[in-house]
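Structural description and commentary
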Amino acid sequence: MHGGRAHTLSFDAFTLDVSRGCLRRGADEVRLRPKSFDVLRYLVENPGRLVSKEELIPAVWRNAFVTDNSLVQCLIEIRRALRDDAQVIIRTVPRRGYIFDVAVIEAGHTTAGPGRASITHWVICDGREQPLSEGSHVIGRDLSASISLRSPRVSREHARIVIEGGVAVLEDLGSKNGTFMHGQAVKAPVRLADGDEIRIGAFQLTFRIVSSDGVTATA
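As a convention, each chain's residues are numbered from 1 in the sequence order in which they are written. Given that this is a predicted model, residues contribute local features only at a pLDDT of at least 70 and side-chain atom pairs are listed and counted only at 80 or more, while totals for whole chains, interfaces and linings are drawn from all residues. Heavy atoms throughout the structure, all of them, feed into the side-chain values; hydrogens and water do not.

**Concerning the overall build of the protein**
- We count a stretch as a helix when DSSP gives it H or I for four or more residues in a row; a strand needs E for two or more, and each element gets its number in order from the N terminus. Looking only at helices and strands, the protein has three helices and 19 strands in total.
- Exposure categories follow from relative accessible area, calculated using a 1.4 Å probe and restricted to protein chains: below 20% of the type maximum is buried, above 50% is exposed, and the middle band is partly exposed. A buried classification covers 45% of the 219 residues belonging to the protein.
- Should any heavy atoms of two residues lie within 4.5 Å, those residues are considered in contact. A fraction of 46% describes how many contacts in the protein between residues 6 or more apart in sequence connect residues 24 or more apart.
- For the protein, the computed accessible surface area is about 11,900 Å², with 48% contributed by carbon and sulfur atoms. Note on areas: Shrake-Rupley with a 1.4 Å probe; residue coverage comes only from the protein chains shown.

**Observations regarding the layout of surface pockets**
- A cavity here means a set of points on a 1 Å grid, drawn over the protein atoms and nothing else, where a 1.4 Å probe fits but cannot get out; a pocket is an open set with protein on both sides within 12 Å along at least five of seven lines, and a residue lines either one if it has an atom within 4 Å of a point. Grid points are joined across faces, edges and corners, and a volume is the space filled by probe spheres set on the points. In this structure, the second largest pocket encloses a volume near 310 Å³.
- Every residue lining the second largest pocket is counted, 19 residues in all, and those nearest its centre are Val88, Cys125, Arg128, Ser148 and Leu149.
- Those elements giving two or more residues to the lining of the second largest pocket turn out to be β9 (119-125), β10 (128-132) and β12 (147-148).
- In terms of residues, the lining of the second largest pocket owes the most to one element, β9, which gives three residues.
- Classification used: nonpolar for Ala, Val, Leu, Ile, Met, Phe, Trp, Tyr, Cys and Pro, charged for Asp, Glu, Lys and Arg, polar for all others including Gly. Taken together, the residues that form the lining of the second largest pocket break down as ten nonpolar, two polar and seven charged.

**Concerning unusual backbone geometry**
- One non-glycine residue, arginine 83, lies in the positive phi region at around 60°.
- Note on placement: arginine 83 falls in the loop between α3 (68-82) and β6 (90-93).
- Residue classification places arginine 83 among the exposed positions, given a relative accessible area of 54%.
- One non-glycine residue, histidine 182, adopts positive backbone phi at about 50°.

**Comments concerning the sheet that holds strand β13 (residues 159-164)**
- One requirement defines pairing of two strands: DSSP has to find at least two bridges between them. The strand order across the open sheet formed by five strands is β12-β11-β13-β14-β17, and the pairing between neighbours is mixed. Two strands bound the open sheet, and with one partner strand each, they are β12 and β17 (190-191).
- The pairing of strand β11 (residues 135-140) with β13 spans five bridges and is classified as antiparallel. Each residue of the ladder has a partner; that of glycine 135, found in β13, is isoleucine 163.

**A word on the confidence of the model for the protein**
- Predicted confidence across the protein gives a mean pLDDT of 84, with 86% of residues reaching 70 or more.
- Here strand β8 (residues 105-107) is the element of the protein with the lowest mean pLDDT, 67, and strand β15 (residues 179-181) is the one with the highest, 97.
- Within a predicted model, pLDDT stands for the predictor's per-residue confidence, ranging from 0 to 100. Overall, residues 1-6 carries pLDDT values under 50, and its contacts beyond four positions in sequence, including any with other chains, amount to 13 contacts.

**Let's talk about the packing of aromatic side chains**
- Aromatic rings from Phe, Tyr and Trp, taking only the six-membered ring of Trp, are treated as a pair when their centres fall within 6.5 Å; an angle between ring planes under 30 degrees marks them as stacked, one over 60 as edge-to-face, and anything in between as tilted. Enumeration over the complete set of coordinates arrives at two aromatic pairs.
- For the ring pair phenylalanine 11 and phenylalanine 14, a centre distance of 5.9 Å and an interplane angle of 25° mean the geometry is stacked.
- Note on phenylalanine 14: relative accessible area 2%, which makes it buried.
- Between the aromatic rings of phenylalanine 11 and phenylalanine 100, the centroid separation amounts to 5.0 Å while the plane-to-plane angle is 85°, which identifies the pairing as edge-to-face.

**Topic: the packing of helix α1 (residues 34-44) against helix α2 (residues 53-61)**
- Comment: axis = line fitted to C-alpha atoms, over the contacting stretch for helices; angle = value between 0 and 180 degrees taken between N-to-C directions. Running from amino to carboxyl end, α1 crosses α2 at an angle of 130°, the nearest separation of the two axes being 10 Å. The angle between α1 and α2 places the two elements in the oblique class. The element α1 and its partner α2 pack so that their crossing is right-handed. Contact residues: Lys35, Asp38, Val39, Tyr42 and Leu43 in α1; Glu55, Leu56, Ala59, Val60 and Trp61 in α2.
- For the contact of α1 with α2, a count of residues per class yields seven nonpolar, no polar and three charged. Here roughly perpendicular refers to angles of 65 to 115 degrees, roughly parallel to angles under 35, roughly antiparallel to angles over 145, and oblique to all remaining angles. The sense of a crossing depends on the near helix, which, turned anticlockwise from the far helix by less than a right angle, makes the crossing left-handed and, turned clockwise, makes it right-handed.

**What about the pattern of salt bridges?**
- For this document, the term salt bridge refers to a Lys or Arg side-chain nitrogen within 4 Å of an Asp or Glu carboxyl oxygen. The final tally for this structure, using the stated rule, is ten salt bridges.
- In this structure, arginine 20 and aspartate 17 form a salt bridge, with 3.8 Å as the shortest nitrogen-oxygen distance.
- When its relative accessible area of 69% is taken as the criterion, arginine 20 is described as exposed.
- With its nearest N and O atoms 3.1 Å apart, the salt bridge here joins aspartate 68 to lysine 53. Highlighted residues: aspartate 68 in helix α3 and lysine 53 in helix α2, separated in sequence by 15 residues.
- For aspartate 68, a relative accessible area of 38% translates into the label partly exposed.
- Overall, the relative accessible area of 30% leaves lysine 53 in the partly exposed class.

Okay, structure coming up:
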């Protein structure tokens with residue numbers, strides 16, 4: 001993904017514009033120092049896997065000699081910019097490295113097929129937007145969950161959303177306090193539609209389906 005092609009990388013409520021070298025939250029630019037931007041870019045371009053300091057430092061600083069503190073200061077700035085004090089987006093694995101732990105959607109160098117808009121699925125919770133790619137997304141208290149909800153009322157693996165072929169299904173994973181959609185307990189897998197309201201513990205989640213041009217999908 002380092003080929004220099006113009007593209008953007010979207011995650012949570014943010015967009016990393018690689019071609020312009022900037023980070024945005026909605027329409028607003030979020031300022032980062034150049035090296036902090038480079039650290040964030042490397043992590044975003046390698047989501048879901050452990051990136052060690054031994055890999056990250058040479059990738060960003062090339063042949064320059066820097067201490068671990070230079071990386072730490074960049075991560076402090078990045079987490080402040082992402083409002084990631086809880087380390088939900090960038091997770092530290094003690095003595096091993098870092099994991100960029102939210103889904104990333106890449107755009108800007110692919111196009112949808114004729115007559116078929118690319119549909120993007122999202123979950124919105126407490127003002128945070130979580131993009132959901134094809135596959136299984138666990139919702140739970142554990143930091144390794146795709147959607148991490150930090151509350152004792154939420155089970156470690158509470159529920160999951162499975163997206164396959166553009167169809168999204170919500171399933172409770174035997175949670176202690178239950179999963180609710182529009183106030184009704186989810187007892188069996190249920191198909192999700194745009195605008196569905198999901199309640200897990202004290203958290204209210206809204207499921208959205210948005211086309212590639214930003215228009216809410218309709219049946």
